[in-house]
Amino acid sequence: MRFDLVDLRLFIAVADAHSITGGADRAHLALASASARIKGLEDSFGVPLFKRGRRGVALTTAGESLLDHARIIMHNVETMQGEMVRFASGLRANVELLANTVGLAEHLPRALAAFLRDHPDISVDVEERESTDIAAAIAAGSADLGFAAEHALPDNVERFVFGEDRLTLVAGRRGPFAGRRQIDFVETAGQDFVGLTQATALQVHIGKHAARLGIRQHFRARLRDFDAICQMVAAGVGIAVVPEAAARRCARTMPISVMTLRDGWANRRLVICARSFKALPRPAKLLVDHLRKAVG
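Residues numbered from 1 in each chain as written. Predicted model: local features only at pLDDT ≥ 70, side-chain atom pairs only at ≥ 80, totals over all residues. Heavy atoms only, no water.

1. Considerations on the side chain of Asp-7
Quick reminder of the rule: Comment: elements are numbered from the N terminus, with helices defined as DSSP H or I runs of at least four residues and strands as E runs of at least two. Burial classification: accessible surface area is computed with a 1.4 Å probe over protein chains only, and a residue below 20% of its type maximum counts as buried, one above 50% as exposed, and the rest as partly exposed. Only heavy atoms matter for contacts: two residues are in contact if any of them lie within 4.5 Å across the pair.
Mapped onto the secondary structure, Asp-7 falls in helix α1 (residues 5-17). By relative accessible area, Asp-7 is classed as buried at 8%. Apart from the residues lying within four places of it in its own chain, the contact partners of Asp-7 are Arg-37 and Leu-41.

2. Let's talk about the nonpolar core
As a rule of thumb, soluble globular proteins bury nonpolar side chains together. Formally: Joining through side-chain atoms within 4.5 Å is the link that ties buried Ala, Val, Leu, Ile, Met, Phe, Trp, Tyr and Cys residues into a set, and such a set is a nonpolar core.
Core analysis: the largest hydrophobic core is formed by 59 residues, its most contacted members being Leu-145, Val-170, Phe-185 and Leu-261. Looking at this core element by element, the count peaks at six residues for strand β6 (residues 158-172). In terms of nonpolar packing, the next biggest core, distinct from the first, is built from 18 residues, Ile-20, Ile-38, Leu-41 and Val-57 among them.

3. So, the pattern of salt bridges
Filter applied, for reference: The term salt bridge refers to a pairing of a side-chain nitrogen on Lys or Arg with a carboxyl oxygen on Asp or Glu at a separation within 4 Å.
Applying the stated criterion to the full structure yields 20 salt bridges. In this structure, the salt-bridge partner of Glu-150 is Arg-269, at a minimum N-O distance of 2.7 Å. Of the two residues, Glu-150 is situated in the loop between β5 (145-149) and β6 and Arg-269 in strand β12 (residues 267-274); the sequence distance between them amounts to 119 residues. In this structure, a network of salt bridges that share partners links the residues Arg-180, Asp-184, Glu-187 and Arg-262.

4. Brief notes about the packing of aromatic side chains
As a reminder, the rule being used: To pair, rings of Phe, Tyr and Trp, with the six-membered ring standing in for Trp, must have centres within 6.5 Å; the planes then decide the type, stacked if under 30 degrees apart, edge-to-face if over 60, and tilted in the middle. Comment: the charge-over-ring label is applied if NZ (Lys) or CZ (Arg) is within 6 Å of the ring centre and within 35 degrees of the ring normal.
Throughout the structure, instances matching the rule amount to six aromatic pairs. On the basis of an interplanar angle of 50 degrees and a centroid distance of 6.2 Å, the ring pair of Phe-185 and Phe-193 is categorised as tilted. Residue Phe-193 is classed as buried on the basis of its relative accessible area, which comes to 1%. On the numbers, 5.4 Å between centres and 85 degrees between planes, the contact of Phe-185 with Trp-265 is edge-to-face. Of the two residues, Phe-185 sits in the loop between β7 (182-183) and β8 (192-196) while Trp-265 sits in the loop between β11 (256-261) and β12, which places them 80 residues apart along the sequence. Accessibility expressed as a relative area gives 14% for Trp-265, which makes it buried. Here a set of aromatic residues connected by ring pairs shows up, and it is made of Phe-185, Phe-193, Phe-219 and Trp-265. Sitting above the plane of the Phe-219 ring, Arg-222 keeps its charged end 3.9 Å from the centroid.

So, in C-alpha coordinates, the structure goes:
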(Lines give C-alpha, C1' and ligand atoms only; values in the text may rest on other atoms or scores of the structure.)
Protein backbone atom coordinates (compact mmCIF):
# COMPACT_ATOMS: atom_id res chain seq x y z
CA MET A 1 0.00 0.00 0.00
CA ARG A 2 1.37 3.39 -0.99
CA PHE A 3 -0.23 6.59 0.22
CA ASP A 4 0.85 9.63 2.19
CA LEU A 5 -0.61 12.27 4.50
CA VAL A 6 -1.53 14.46 1.53
CA ASP A 7 -3.69 11.60 0.25
CA LEU A 8 -5.43 11.24 3.62
CA ARG A 9 -6.02 14.98 3.96
CA LEU A 10 -7.49 15.04 0.46
CA PHE A 11 -9.66 11.98 1.16
CA ILE A 12 -11.11 13.65 4.29
CA ALA A 13 -11.69 16.90 2.37
CA VAL A 14 -13.52 15.10 -0.46
CA ALA A 15 -15.65 13.14 2.03
CA ASP A 16 -16.60 16.34 3.88
CA ALA A 17 -17.34 18.25 0.67
CA HIS A 18 -19.16 15.30 -1.00
CA SER A 19 -17.29 16.37 -4.11
CA ILE A 20 -13.86 15.70 -5.61
CA THR A 21 -13.82 19.25 -6.97
CA GLY A 22 -14.75 20.70 -3.58
CA GLY A 23 -12.24 18.48 -1.80
CA ALA A 24 -9.50 19.53 -4.22
CA ASP A 25 -10.25 23.17 -3.45
CA ARG A 26 -10.11 22.55 0.30
CA ALA A 27 -6.84 20.62 -0.05
CA HIS A 28 -5.38 23.27 -2.40
CA LEU A 29 -4.77 20.74 -5.18
CA ALA A 30 -5.53 20.84 -8.87
CA LEU A 31 -8.59 18.79 -9.83
CA ALA A 32 -6.58 16.45 -12.06
CA SER A 33 -4.06 15.81 -9.28
CA ALA A 34 -6.83 15.24 -6.72
CA SER A 35 -8.64 12.79 -9.00
CA ALA A 36 -5.42 10.87 -9.61
CA ARG A 37 -4.67 10.68 -5.87
CA ILE A 38 -8.18 9.39 -5.04
CA LYS A 39 -7.89 6.79 -7.82
CA GLY A 40 -4.46 5.84 -6.43
CA LEU A 41 -5.94 5.34 -2.96
CA GLU A 42 -8.67 3.10 -4.32
CA ASP A 43 -6.14 1.08 -6.34
CA SER A 44 -3.88 0.79 -3.30
CA PHE A 45 -6.65 -0.60 -1.07
CA GLY A 46 -8.28 -2.57 -3.87
CA VAL A 47 -11.79 -1.27 -3.12
CA PRO A 48 -13.86 1.71 -4.30
CA LEU A 49 -14.03 4.43 -1.65
CA PHE A 50 -16.63 6.67 -3.30
CA LYS A 51 -19.80 6.23 -5.30
CA ARG A 52 -19.70 8.74 -8.16
CA GLY A 53 -22.92 10.52 -9.14
CA ARG A 54 -24.16 13.57 -11.00
CA ARG A 55 -24.44 15.55 -7.77
CA GLY A 56 -21.07 14.57 -6.33
CA VAL A 57 -19.68 11.58 -4.48
CA ALA A 58 -20.80 9.51 -1.50
CA LEU A 59 -18.73 7.20 0.66
CA THR A 60 -18.93 3.46 0.22
CA THR A 61 -18.88 1.24 3.31
CA ALA A 62 -15.12 0.86 2.85
CA GLY A 63 -14.83 4.63 2.47
CA GLU A 64 -16.68 5.22 5.74
CA SER A 65 -14.29 2.86 7.52
CA LEU A 66 -11.26 4.58 6.00
CA LEU A 67 -12.63 8.02 6.96
CA ASP A 68 -12.80 6.95 10.59
CA HIS A 69 -9.17 5.78 10.54
CA ALA A 70 -7.99 8.77 8.50
CA ARG A 71 -9.40 11.26 11.01
CA ILE A 72 -7.62 9.47 13.86
CA ILE A 73 -4.34 9.38 11.95
CA MET A 74 -4.49 13.07 11.08
CA HIS A 75 -5.45 14.01 14.63
CA ASN A 76 -2.48 12.05 15.97
CA VAL A 77 -0.14 13.64 13.41
CA GLU A 78 -1.32 17.12 14.39
CA THR A 79 -0.88 16.28 18.07
CA MET A 80 2.63 14.99 17.37
CA GLN A 81 3.54 18.11 15.38
CA GLY A 82 2.20 20.36 18.11
CA GLU A 83 4.17 18.58 20.82
CA MET A 84 7.39 18.65 18.81
CA VAL A 85 6.97 22.37 18.10
CA ARG A 86 6.47 23.02 21.82
CA PHE A 87 9.55 20.98 22.74
CA ALA A 88 11.60 22.72 20.06
CA SER A 89 10.49 26.09 21.44
CA GLY A 90 11.34 25.10 25.00
CA LEU A 91 7.67 24.99 25.96
CA ARG A 92 5.81 22.28 27.83
CA ALA A 93 3.95 19.25 26.57
CA ASN A 94 0.20 19.77 26.44
CA VAL A 95 -2.87 17.62 27.14
CA GLU A 96 -6.29 18.63 25.83
CA LEU A 97 -9.21 17.43 27.93
CA LEU A 98 -12.91 17.86 27.12
CA ALA A 99 -15.09 18.02 30.24
CA ASN A 100 -18.74 18.56 31.05
CA THR A 101 -19.86 21.36 33.39
CA VAL A 102 -19.96 19.27 36.56
CA GLY A 103 -16.55 17.76 35.96
CA LEU A 104 -15.05 21.15 35.28
CA ALA A 105 -16.60 22.79 38.33
CA GLU A 106 -16.70 20.07 40.98
CA HIS A 107 -14.54 17.03 40.25
CA LEU A 108 -11.47 17.90 38.20
CA PRO A 109 -9.84 20.99 39.77
CA ARG A 110 -8.28 19.21 42.78
CA ALA A 111 -7.08 16.22 40.75
CA LEU A 112 -5.68 18.42 37.99
CA ALA A 113 -3.92 20.69 40.48
CA ALA A 114 -2.12 17.71 41.99
CA PHE A 115 -1.17 16.40 38.54
CA LEU A 116 0.20 19.76 37.41
CA ARG A 117 2.17 20.10 40.62
CA ASP A 118 3.75 16.67 40.08
CA HIS A 119 4.39 17.24 36.34
CA PRO A 120 5.75 20.76 35.82
CA ASP A 121 6.64 19.95 32.19
CA ILE A 122 3.01 19.26 31.20
CA SER A 123 0.14 21.73 30.73
CA VAL A 124 -3.56 20.84 30.55
CA ASP A 125 -6.15 22.67 28.44
CA VAL A 126 -9.70 21.91 29.58
CA GLU A 127 -12.58 22.77 27.25
CA GLU A 128 -16.18 22.62 28.46
CA ARG A 129 -18.54 20.57 26.28
CA GLU A 130 -21.82 18.72 26.69
CA SER A 131 -21.35 14.99 27.32
CA THR A 132 -22.91 14.04 23.96
CA ASP A 133 -20.46 16.35 22.13
CA ILE A 134 -17.55 14.87 24.08
CA ALA A 135 -18.65 11.36 23.16
CA ALA A 136 -18.88 12.28 19.47
CA ALA A 137 -15.44 13.92 19.49
CA ILE A 138 -13.80 10.93 21.21
CA ALA A 139 -15.53 8.40 18.94
CA ALA A 140 -14.53 10.35 15.81
CA GLY A 141 -10.92 10.62 16.93
CA SER A 142 -10.95 14.43 16.99
CA ALA A 143 -10.18 14.51 20.74
CA ASP A 144 -7.97 12.30 22.91
CA LEU A 145 -9.44 12.46 26.39
CA GLY A 146 -12.82 13.30 27.87
CA PHE A 147 -14.69 13.62 31.18
CA ALA A 148 -18.37 12.90 30.54
CA ALA A 149 -21.58 11.29 31.74
CA GLU A 150 -21.37 7.59 30.88
CA HIS A 151 -24.86 7.36 29.39
CA ALA A 152 -23.75 9.55 26.47
CA LEU A 153 -20.91 7.24 25.37
CA PRO A 154 -21.12 4.67 22.55
CA ASP A 155 -19.92 1.14 23.27
CA ASN A 156 -16.66 1.52 21.32
CA VAL A 157 -15.31 4.23 23.64
CA GLU A 158 -13.14 3.04 26.54
CA ARG A 159 -13.87 4.49 29.97
CA PHE A 160 -13.45 4.12 33.72
CA VAL A 161 -15.71 5.53 36.41
CA PHE A 162 -14.42 8.64 38.15
CA GLY A 163 -17.44 9.41 40.32
CA GLU A 164 -21.21 9.78 40.65
CA ASP A 165 -23.09 12.91 39.64
CA ARG A 166 -26.49 13.22 41.29
CA LEU A 167 -28.38 16.37 40.37
CA THR A 168 -30.44 17.87 43.18
CA LEU A 169 -33.03 20.61 43.53
CA VAL A 170 -32.17 23.45 45.90
CA ALA A 171 -34.81 25.84 47.27
CA GLY A 172 -35.13 28.45 49.98
CA ARG A 173 -36.06 27.10 53.39
CA ARG A 174 -39.23 29.18 53.39
CA GLY A 175 -40.22 28.36 49.81
CA PRO A 176 -42.99 26.10 48.47
CA PHE A 177 -40.84 22.97 48.81
CA ALA A 178 -39.68 23.57 52.37
CA GLY A 179 -39.24 20.33 54.28
CA ARG A 180 -39.17 18.10 51.18
CA ARG A 181 -36.37 15.55 50.81
CA GLN A 182 -37.32 14.16 47.40
CA ILE A 183 -39.13 15.60 44.42
CA ASP A 184 -40.06 14.86 40.82
CA PHE A 185 -38.80 17.51 38.42
CA VAL A 186 -42.26 17.88 36.88
CA GLU A 187 -43.43 19.40 40.19
CA THR A 188 -41.24 22.45 39.50
CA ALA A 189 -43.47 23.63 36.64
CA GLY A 190 -44.45 27.27 37.10
CA GLN A 191 -41.63 28.06 39.53
CA ASP A 192 -38.97 30.73 39.05
CA PHE A 193 -35.50 29.33 38.41
CA VAL A 194 -31.92 30.41 38.95
CA GLY A 195 -29.70 28.64 36.47
CA LEU A 196 -26.43 28.37 34.65
CA THR A 197 -25.74 30.44 31.56
CA GLN A 198 -27.22 28.96 28.40
CA ALA A 199 -23.79 28.13 26.97
CA THR A 200 -22.93 25.64 29.74
CA ALA A 201 -23.23 21.94 28.99
CA LEU A 202 -25.16 21.10 32.17
CA GLN A 203 -27.80 23.75 31.48
CA VAL A 204 -28.29 22.29 28.01
CA HIS A 205 -28.77 18.86 29.61
CA ILE A 206 -31.32 20.16 32.12
CA GLY A 207 -33.12 22.19 29.46
CA LYS A 208 -33.56 19.16 27.20
CA HIS A 209 -35.27 17.16 29.94
CA ALA A 210 -37.40 20.11 30.99
CA ALA A 211 -38.61 20.43 27.40
CA ARG A 212 -39.44 16.71 27.23
CA LEU A 213 -41.61 17.12 30.33
CA GLY A 214 -43.30 20.17 28.83
CA ILE A 215 -41.78 22.50 31.43
CA ARG A 216 -40.94 25.98 30.26
CA GLN A 217 -38.41 27.26 32.75
CA HIS A 218 -38.55 30.95 33.67
CA PHE A 219 -35.12 32.15 34.78
CA ARG A 220 -34.78 35.11 37.11
CA ALA A 221 -30.99 34.94 36.86
CA ARG A 222 -28.30 33.01 34.99
CA LEU A 223 -24.82 32.59 36.46
CA ARG A 224 -21.73 30.47 35.82
CA ASP A 225 -20.96 29.55 39.42
CA PHE A 226 -22.85 27.05 41.60
CA ASP A 227 -22.07 28.95 44.80
CA ALA A 228 -23.51 32.15 43.32
CA ILE A 229 -26.61 30.24 42.18
CA CYS A 230 -27.16 28.86 45.68
CA GLN A 231 -26.76 32.35 47.15
CA MET A 232 -29.56 33.55 44.86
CA VAL A 233 -31.72 30.61 45.95
CA ALA A 234 -31.02 31.37 49.61
CA ALA A 235 -32.20 34.94 49.00
CA GLY A 236 -35.53 33.67 47.68
CA VAL A 237 -34.97 34.53 44.01
CA GLY A 238 -35.94 31.07 42.75
CA ILE A 239 -35.11 27.36 42.79
CA ALA A 240 -32.20 25.66 41.01
CA VAL A 241 -30.85 22.32 39.83
CA VAL A 242 -27.23 21.83 40.89
CA PRO A 243 -24.89 18.86 41.49
CA GLU A 244 -25.25 17.25 44.91
CA ALA A 245 -21.63 17.96 45.84
CA ALA A 246 -22.13 21.69 45.29
CA ALA A 247 -25.55 21.69 46.97
CA ARG A 248 -24.30 19.95 50.13
CA ARG A 249 -21.29 22.24 50.32
CA CYS A 250 -23.39 25.37 50.03
CA ALA A 251 -26.04 24.09 52.45
CA ARG A 252 -23.42 24.14 55.22
CA THR A 253 -23.25 27.93 55.08
CA MET A 254 -26.49 29.01 53.34
CA PRO A 255 -30.18 28.72 54.31
CA ILE A 256 -31.20 26.35 51.49
CA SER A 257 -33.00 23.01 51.32
CA VAL A 258 -31.56 20.20 49.23
CA MET A 259 -33.92 17.69 47.58
CA THR A 260 -33.11 14.53 45.68
CA LEU A 261 -34.53 14.53 42.15
CA ARG A 262 -36.30 11.20 41.57
CA ASP A 263 -35.95 11.51 37.77
CA GLY A 264 -33.63 8.94 36.21
CA TRP A 265 -31.77 11.53 34.14
CA ALA A 266 -30.66 13.25 37.36
CA ASN A 267 -28.40 10.32 38.30
CA ARG A 268 -25.28 10.04 36.17
CA ARG A 269 -21.99 8.15 36.37
CA LEU A 270 -19.06 10.34 35.45
CA VAL A 271 -16.25 8.69 33.52
CA ILE A 272 -12.86 9.41 32.02
CA CYS A 273 -13.02 8.26 28.42
CA ALA A 274 -10.82 7.76 25.37
CA ARG A 275 -11.05 5.88 22.12
CA SER A 276 -8.06 3.83 23.28
CA PHE A 277 -6.14 4.52 26.48
CA LYS A 278 -3.16 2.55 25.14
CA ALA A 279 -2.97 4.74 22.01
CA LEU A 280 -2.88 8.05 23.90
CA PRO A 281 0.19 10.31 23.68
CA ARG A 282 2.51 9.91 26.66
CA PRO A 283 1.44 13.14 28.48
CA ALA A 284 -2.23 12.08 28.23
CA LYS A 285 -1.35 8.60 29.51
CA LEU A 286 0.34 10.16 32.53
CA LEU A 287 -2.81 12.19 33.24
CA VAL A 288 -5.00 9.08 32.88
CA ASP A 289 -2.79 7.17 35.33
CA HIS A 290 -3.05 10.05 37.79
CA LEU A 291 -6.85 10.21 37.49
CA ARG A 292 -7.14 6.43 37.99
CA LYS A 293 -5.18 6.75 41.24
CA ALA A 294 -7.33 9.72 42.29
CA VAL A 295 -10.41 7.52 42.04
CA GLY A 296 -8.86 4.88 44.25
